[in-house]
Amino acid sequence: LDPHDTDINLVMYGLTPRYIEVMRSETLTPQMQRVTFSCTDPEGFHFVPMAPDEHVKLFFPQPGTDEIVMPGIGPDGIRPAIDGPRPIYRDYTVRAFDEHRAEVVVDFVLHTHGVGGSWAATASPGDRLGMLGPRGSHIYPTGYDWYLLAADETALPAIGRWFEELPDGKRIAAFIEVAGPTEEVALAPREGALVHYLHRGDGQAGNSRLLERAIRDFDFPDGEFFAWIAGEANTLKPIRRHLRRELGVPKSRIKVDGYWRNGTVNLDHHDPGDEDE
Ligand code: FAD
Ligand code: ZN
């Protein structure tokens with residue numbers, strides 16, 4: 001443990017509305033589509049090392065049109081629209097950013113229940129979205145001996161960044177729940193990384209206890225660790241509880257982030273409502 005680098009550093013930025021246009025859309029897996037966008041105004045766009053969960057709000061066209069409604073920006077961030085059509089937006093991880101080409105890469109989970117999941121299935125060059133953010137970056141500490149990562153497919157883009165951005169010599173144990181073997185995404189090779197893909201099978205996403213069980217069964221390596229866990233909110237709660245209450249891991253060494261919740265449209269992951277100890 002390097003005691004000088006054990007805290008999360010949050011850096012906040014101003015909000016610049018941008019528009020992004022699809023350059024390429026590639027199939028990563030049957031249910032994961034990688035879309036590369038060109039982006040207006042890339043100068044002030046923040047993409048910071050060791051901030052693997054940097055994300056943006058993407059604004060989708062109004063139903064049946066190409067029209068993208070963007071929100072007003074006030075001193076405290078997004079101002080709710082007072083009248084007129086409402087912006088339609090969802091959170092997505094910035095998987096990669098190429099400053100020179102002004103390109104942003106987003107990996108979309110394809111599912112048919114929502115605008116985001118459906119939009120990506122037919123994304124083609126020239127299609128446009130609005131974009132706000134990143135609003136800030138959580139810069140994660142590199143002082144721990146090893147990192148426990150757990151995620152479902154919505155947080156797999158962030159896991160991809162962890163594998164690329166964590167300095168060499170830091171070990172990773174990653175648990176990733178996906179539908180099946182064809183949904184596994186290759187991660188950057190790293191020495192000392194354990195990657196455990198867990199297959200839920202044909203059942204609905206966001207219902208299984210696979211991640212919780214795998215972490216309970218895991219023989220934790222020696223050394224001090226930091227845990228980063230994201231995915232369907234309900235399935236994460238017992239994992240947080242296990243780490244906090246049963247293993248006594250301090251709060252400052254755990255980041256658990258609900259990226260979506262079964263049955264909820266556009267979960268607000270900043271709503272502290274159901275964070276428990
Ligand atoms: P919504 O309209 O929001 O939801 C409609 C219904 O679909 C609801 O019942 C909901 O529970 C269900 N649903 C939502 N997402 C899924 C899903 N993945 N599988 C099955 N059912 C679902 N998602 C990505 O694909 N890639 C990312 O890089 C990514 N990064 C994220 C980063 C952050 C910080 C956060 C908070 C979320 C991220 N997500 C990511 C998750 C994404 O924002 C949600 O899944 C979002 O709900 C998708 O919007 P939608 O319009 O498809 O579905
Ligand atoms: Zn956010």
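Note that the structure is a prediction, hence the values are computed from the model and not measured. (Residues numbered from 1 in each chain as written. Chains lettered and ligands numbered in written order. Predicted model: local features only at pLDDT ≥ 70, side-chain atom pairs only at ≥ 80, totals over all residues.)

Novice: I'm lost on the overall build of the protein in this one. Help?
Specialist: Regarding its fold elements, the protein presents four helices and 16 strands. Expected size for 277 residues packed as a compact globule is a radius of gyration near 19 Å; at 19 Å, the protein falls within 12% of this value. For the protein, buried positions account for 32% of its 277 residues. Summarising the internal contacts of the protein: among those between residues at least 6 apart in sequence, 71% fall at separations of at least 24. (Helix = DSSP H or I, 4+ residues; strand = E, 2+ residues; numbered from the N terminus. Rg over C-alpha atoms; globule rule 2.2 N^0.38 Å. Buried ≥ 20, exposed ≤ 12 C-beta atoms within 10 Å, placed from the backbone. Contact = placed C-beta atoms within 7 Å.)

Novice: I would appreciate a short explanation of the pairing of strand 2 (residues 18-29) in the present structure.
Specialist: The side chains of a regular strand alternate, first on one face of the sheet and then on the other. With four bridges joining them, strand 2 and strand 10 (residues 128-132) adopt antiparallel strand pairing. Bridge assignment links Tyr 19 to a residue of strand 10, and that residue is Gly 130. In the sheet, strand 2 pairs with strand 3 (residues 32-39) via eight bridges, with the strands oriented antiparallel. Among the inter-strand pairings, Ile 20 is bridged to a residue of strand 3, identified as Cys 39. (Pairing = 2+ DSSP bridges.)

Novice: What am I meant to see in the packing of helix 3 (residues 210-217) against helix 4 (residues 233-246) here?
Specialist: When two helices pack together, their arrangement is captured by the angle between the axes and the distance separating the axes. The geometry of helix 3 relative to helix 4 is characterised by a closest axis approach of 8 Å and an angle of 20 degrees between their N-to-C directions. Of the possible angle classes, the one that applies to helix 3 and helix 4 is roughly parallel. Judged by the twist between their axes, the crossing of helix 3 over helix 4 is right-handed. Every residue of helix 4 that contacts helix 3 at Leu 211, Glu 212, Ile 215 and Arg 216 is listed here: Thr 235, Pro 238, Ile 239 and His 242. Residue composition of the contact of helix 3 with helix 4, grouped by class: four nonpolar, two polar and two charged. (Axes fitted to C-alpha atoms, helices over the stretch in contact; angles between N-to-C directions. Parallel < 35°, antiparallel > 145°, perpendicular 65-115°, else oblique. Left-handed = near helix turned anticlockwise from the far one by under 90°. Nonpolar A, V, L, I, M, F, W, Y, C, P; charged D, E, K, R; others polar.)

Novice: For this particular structure, what's the right way to read the nonpolar core?
Specialist: When a protein is soluble and globular, its nonpolar side chains tend to lie buried together. Ranked by internal contacts, the top residues of the largest apolar core, which has 35 residues, are Tyr 147, Leu 149, Ala 150, Ala 151 and Ile 159. Counting residues per element, the ones that place at least two in this core are strand 12 (146-152), helix 2 (156-165), strand 13 (171-178), helix 3, strand 15 (225-232), helix 4 and strand 16 (254-260). Among all residues touching Tyr 147, those that are not within four sequence positions of it are Trp 162, Leu 166, Lys 170, Ile 172, Phe 225, Phe 226 and Trp 228. Core analysis: the second largest hydrophobic core is formed by 19 residues, Tyr 92, Val 106, Phe 108 and Leu 129 among them. (Core = buried A, V, L, I, M, F, W, Y, C linked by C-beta atoms within 7 Å.)

Novice: Would you take a moment to explain the sheet that holds strand 8 (residues 96-98) for this structure?
Specialist: Backbone-to-backbone hydrogen bonds pair the strands of a sheet. The strands run either parallel or antiparallel. Ordered in space as 7-4-10-2-3-9-8, the seven strands form an open sheet in which the pairing is antiparallel. In this open sheet, the two edge strands, each paired with only one partner strand, are strand 7 (88-93) and strand 8. Ignoring strand direction, the axes of neighbouring strands in this sheet form an average angle of 35 degrees.

Novice: Sorry if this is basic, but what is going on with helix 4 here?
Specialist: Because an α-helix completes one turn every 3.6 residues, residues spaced three or four positions apart along the sequence face the same direction. Here helix 4 is 14 residues long and its end C-alpha atoms lie 20 Å apart, about the 20 Å a rise of 1.5 Å per residue gives. Tucked into the core, helix 4 has its buried residues touching strand 12, helix 3, strand 15 and strand 16. One or two residues past the end of helix 4 sits Gly 248, with phi positive at roughly 70 degrees. (Expected span 1.5 Å × (residues − 1).)

Novice: I would appreciate a short explanation of the sheet that holds strand 16 in the present structure.
Specialist: Ordered by their spatial adjacency, five strands build an open sheet running 14-13-12-15-16, and the pairing between neighbours is parallel. Either end of the sheet is taken by a strand with one partner, and the two such strands are strand 14 (193-199) and strand 16. Each neighbouring strand pair of the sheet contributes to a mean axis angle of 10 degrees, computed without reference to strand direction. In terms of strand pairing, strand 15 meets strand 16 through six bridges, oriented parallel. Bridged to Ala 230 within strand 16 is Asp 257. Where helix 3 meets the sheet, it contacts strand 12, strand 13 and strand 14, and its direction lies at approximately 150 degrees from that of strand 13.

Novice: What am I meant to see in the site of ligand 1 here?
Specialist: Not every one of the 27 residues close to ligand 1 is listed here, only the nearest: Thr 93, His 113, Gly 114, Gly 116 and Gly 117. For the shell around ligand 1, the element with the highest residue contribution is strand 7, accounting for four residues. Looking at the shell around ligand 1 residue by residue, the class counts come to nine nonpolar, 13 polar and five charged. When residues are assigned to domains, the shell around ligand 1 turns out to be shared by domain 1 (9-136) and domain 2 (144-274), each giving three or more. (Near = placed C-beta within 6 Å. Domains from an automatic or database assignment.)

Novice: Got a minute to help me understand the domain arrangement of the protein in this structure?
Specialist: Many descriptions give the size of an interface as the accessible area lost when the pieces come together. What the domain assignment lists for the protein is domain 1 (9-136) and domain 2 (144-274). For domain 1 versus domain 2, the distance between C-alpha centres works out to 23 Å. Contributing elements (two or more residues each) for the side of domain 1 that touches domain 2: strand 2, strand 7 and strand 9 (103-109). Among the elements that line the side of domain 1 that touches domain 2, the one with the most residues is strand 7, at three residues.

Novice: Explain the environment of Ile 20 to me, please; I cannot follow it from the model alone.
Specialist: Residue placement: Ile 20 occurs in strand 2. Considered as a pair, Ile 20 and Phe 37 are 17 residues apart in the sequence and their alpha carbons are 5.6 Å apart.

Novice: Where do I start with unusual backbone geometry in this structure?
Specialist: Note: most residues except glycine have negative phi, and most peptide bonds are trans. Between Gly 133 and the following residue, Pro 134, the backbone shows a cis peptide bond with an omega angle of -5 degrees. Summarising the element assignment, Pro 134 is placed in the loop between strand 10 and strand 11 (136-139). For Asp 41, which is not a glycine, the phi torsion comes out positive at approximately 60 degrees. Here Asp 41 falls in the exposed class, since 12 other C-beta atoms lie within 10 Å of it. A positive phi angle is found at Ala 102, which is not glycine, with a value near 55 degrees. Structurally, the position occupied by Ala 102 is in the loop between strand 8 and strand 9.

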